[in-house]
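# Reading the structure
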Amino acid sequence: MYLNCMKHLVKEEQYQKTKAIVVKFGEPGGTGELLQKKLLERSEKTYNWVYDYWLEDMYLNQRLALPVNSNPAMVFPKQNFKDRKDSLRFAAHLITGVLEYKERIDTRVLPVDFARGQLAGTPLCMKQYYRLFNTYRLPGHKRDTLIIHKPGSTEQEHIIVACKNQFFVLDLVVNKKKLKEMDILTQLEKIVKMAENSEERQPPFGLLTSDGRTEWAQAREVLIKDSVNRESLAVIEKCLCVLCLDNPSGMEVGDTSRALLMLHGGGHEKMGANRWYDKPMQFIVGEDGVCGTVCEHSPFEGIVLVACTEYLMKFMTGSPSKMGRATSVSELPTPARLLWKTTPHIQDLLKASAERLQRLVRDLDMDVHKFEVYGKEFIKKQKMSPDAYIQVALQLAFYRCNGRLVSTYESASIRRFHEGRVDNIRSATSEALAFVKAMTDEKASLSVSHFSYLVPQILGYSHYTVHHAITGLGIDNHLLGLREIAQELKMERPEIFTDETYVASNQFILSTSQVPTTVEMFCCYGPVVPNGYGCCYNPQSDHLLFSVTSFHGSTETCSAVFIKALDEGLVEMRDLCRKTYDGFSHTQLPPHPGMS
Ligand code: COA
């Protein structure tokens, strides 16, 4: 399957070399057989044989800065706040919703999710939900650590509030009584006032968390030499979540700028330092109505994040604010401002982090686009999988921009398995290449014969999705398992993993993910390689929402150009379907494989 996935993406000579390596690897009694045996033994001893390997490879070993490169964001609908107080009311209500949701997690009353879409009906592993609020990604010199606090721990009874780059502790339990919404609002008002006080202002330490992971680990080692810094870090590392109260950014408030503010805060001159990027759940409430979350990705996937944030959005609109009705805690202590001890060396580190964040901000090329010509209902009517169809459209757009196809990542949920995260649907198939070539190079007007390329491609893709990626038989996790177990056995890295084709197979120039929502919001993230695109899409009944990112520094990419090609391709694909339908009757179309 690996050879099939890569054959058309590398040069013929290279492919022949890879083929020989793969055949040798798979010989009876060869390295592959030994590693497979060891992997099977591992699967007997672990709940999920790939989980730890995957977590380290995908996240903890990665050294790039979290903003843009790793942390996804969820952009909430733009709010219309009358004034600062109004935004604080929203924030207090949001935190009340968070506490209600966390209570559901702690008391294990969250209903089990069941798979929807293809192969619907299977129960899904819920473990990711239990890591929403009790985790923290600690930077390390070579590898980060995902710290997991015991659920419901009494050490975790506070949130951190960031305001004007200052960090405050908001205790949620005072005198053994839980704070009510109006108490939270009172505390937030105090925090905003304290943040105004310039005499007590602390340096913007949150910037350090926006840096490369090794740089941040080194800086943290310097910080913890002082007990004041050690204590501040300990409090942050145990919090439930971070609430960032942002000042107006001064940017025009469109979808793209809101998404940028979520991903990187607009750099140190805007809100980029008013963050703590290591914390998995970080809510942003801007005075100008720009709201959402930016998340450290290692504990959970976008789908779990959607479930949590949709609950919160429904809570916000469905449950009236309980201001004034509940008895509040009468004497609320003043929230503590976190203090930092700085030295000239630490000042230099902060400056360096600020500069690197600024570079990232300048480099990110983002375009959020709503394709309104049709949505997933039209695609379903053609008896095609909307997800497969969109993936083909992405391939077409890429081909039109770059004249080739490249290794493509599409996350496929494997929550059907205990501790399952994702595997990869490699949608740059040979059928996709044939289709995009026919659509682009043959130059003929759209014809029914083009459709004969489209259907097998989409069915081929659906087949891979259903029968391999989401049922745990994808190749990416398997190859990763074989590679890592070889390392554990201290074997020399097998040639299959040093081969040029394997390297190319892991450079995801197109990194895509479907993150559908049922309420008005959208997800976005950055590219995973310097010359790549990040493309998150949200198929709705009558429209398709795309957030496309790339880096200005690459001459091979441009988000606006990609969006334009995508738009045109989607329209052409619709025309093709329509044209074909004039020639065919619906019943002649092949059945949906997941439905048989
Ligand atoms: N004809 C008609 N309808 C079809 C069809 C066909 N040939 N193929 C699929 N459909 C229908 C499905 O039944 C489904 O119907 P519903 O809307 O009533 O539920 C709908 O079209 C959507 O199906 P499809 O587009 O094929 O995708 P999916 O919902 O099965 O999703 C994946 C496919 C791979 C995206 C999904 O399995 C997955 O893994 N999602 C998680 C991704 C993830 O983790 N993202 C976050 C990463 S951080």
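Going by the structure above, here's the rest.
Described below are features of the structure shown in this document. Small disclaimer: the values here were computed from a predicted structure and weren't measured.

## Examining the environment of I191
Along the chain, the position of I191 falls in helix α6 (residues 181–196). Judged by relative accessible area, which is 0%, I191 ranks as buried. Expressed as a C-alpha distance, the spacing of I191 and G481, which sit 290 residues apart in the sequence, is 48 Å. Sequence-distant contacts of I191, that is, excluding residues within four places in its chain, are made with V161, C163, F168, L170 and P335.

## Overview of the sheet that holds strand β4 (residues 158–163)
What links the strands of a sheet is backbone hydrogen bonding, and the strands pair in either a parallel or an antiparallel sense. With respect to topology, eight strands assemble into an open sheet ordered β11-β5-β4-β8-β9-β10-β1-β16, the strand pairing being mixed. A single partner strand is all that each edge strand has here, and the edge strands are β11 (336–337) and β16 (522–524). In terms of strand pairing, strand β9 (residues 282–286) meets strand β10 (residues 291–294) through four bridges, oriented antiparallel. Its bridge partner being in β10, Q282 is matched across the sheet by V294.

## Topic: the packing of aromatic side chains
Evaluated as defined, the whole model comprises 16 aromatic pairs. When the ring of F167 is compared with that of W276, the centres are 5.3 Å apart and the planes differ by 85°; the resulting orientation is edge-to-face. Taken together, the residues F167 in strand β5 (residues 166–171) and W276 in the loop between α9 (255–264) and β9 connect sequence positions 109 residues apart. Aromatic pair Y409 and F508: ring centres 5.1 Å apart, planes at 75°, arrangement edge-to-face. Taken as a pair, Y409 in strand β13 (residues 408–413) and F508 in the loop between α18 (500–505) and β15 (510–514) lie far apart in primary sequence, 99 residues in all. Of the two residues, Y409 and F508, both sit in the buried class. An aromatic cluster of three or more residues is present, and its members are F167, F205, W216, W276 and W340. Between R42 and the ring centre of Y53, over which it is positioned, the NZ or CZ distance is 3.8 Å. Just above the ring of Y130 sits the side chain of R108; from NZ or CZ to the centre is 3.9 Å.

## Overview of the sheet that holds strand β14 (residues 422–424)
As summarised here, the arrangement of the six strands in space is β12-β18-β17-β15-β13-β14, forming an open sheet in which the pairing is mixed. Each end of this open sheet is capped by a strand with a single partner; those strands are β12 (364–371) and β14. Each neighbouring strand pair of the sheet contributes to a mean axis angle of 20°, computed without reference to strand direction. Across the sheet, helix α11 (residues 344–363) lies against β12 and β18 (544–551), angled at about 40° from β12, the strand it touches most.

## Topic: the pattern of salt bridges
According to the stated counting rule, one finds 31 salt bridges in the structure shown. Among the salt bridges present, the one from E372 reaches K370, with a minimum N-O distance of 3.9 Å. For E372, a relative accessible area of 55% puts it in the exposed group. If you follow the salt bridges from partner to partner, you end up with R63, R137, D144, R213, D278 and E296 in one network.

## Here we look at the pairing of β5
Most of β5 sits out of view: five of its six residues are buried. Two strands pair when backbone bridges link them, and β4 and β5 are joined in this way by six bridges, in the antiparallel orientation. Paired with H158 across the bridge in β5 is D171. As paired elements, β5 and β11 share two bridges and run antiparallel to each other. Paired with F168 across the strands is R337, a residue of β11.

## Considerations on the nonpolar core
Counting 81 residues, the largest nonpolar core has M384, Y389, L454, F546, F562, L570 and M573 as its most contacted members. The greatest single-element share of this core, amounting to 10 residues, is contributed by helix α13 (residues 386–402). Beyond its immediate stretch of four places on either side in the chain, M573 contacts Y389, V392, A393, L396, F435, M439 and L454. Among the nonpolar cores identified, the runner-up in size contains 58 residues, and A92, F168, V306 and F315 belong to it.

## Some thoughts on the packing of helix α3 (residues 31–45) against helix α16 (residues 475–488)
Think of two packed helices as two axes; the pair is described by the angle between the axes and how far apart they sit. It is at 9 Å that the axes of α3 and α16 come closest, and there the two elements cross at 95°. Considering the angle they form, α3 stands roughly perpendicular to α16. Here α3 contributes L35, Q36, K38, L39 and R42 to the contact with α16, which in turn contributes H478, G481, L482, I485, A486 and E488. Residues that form the contact of α3 with α16 fall into these classes: five nonpolar, three polar and three charged.

How each quantity is defined
- Residues numbered from 1 in each chain as written.
- Predicted model: local features only at pLDDT ≥ 70, side-chain atom pairs only at ≥ 80, totals over all residues.
- Heavy atoms only, no water.
- Helix = DSSP H or I, 4+ residues; strand = E, 2+ residues; numbered from the N terminus.
- Buried < 20%, exposed > 50% of the residue type's maximum accessible area, 1.4 Å probe, protein only.
- Contact = heavy atoms within 4.5 Å.
- Pairing = 2+ DSSP bridges.
- Phe/Tyr/Trp six-rings, centres within 6.5 Å; stacked < 30°, edge-to-face > 60°.
- Lys NZ or Arg CZ within 6 Å of the ring centre and 35° of its normal.
- Axes fitted to C-alpha atoms, helices over the stretch in contact; angles between N-to-C directions.
- Salt bridge = Lys/Arg side-chain N within 4 Å of Asp/Glu carboxyl O.
- Core = buried A, V, L, I, M, F, W, Y, C linked by side-chain atoms within 4.5 Å.
- Parallel < 35°, antiparallel > 145°, perpendicular 65-115°, else oblique.
- Nonpolar A, V, L, I, M, F, W, Y, C, P; charged D, E, K, R; others polar.

So, to be careful, I would describe these as geometric facts and stop short of saying anything about function.
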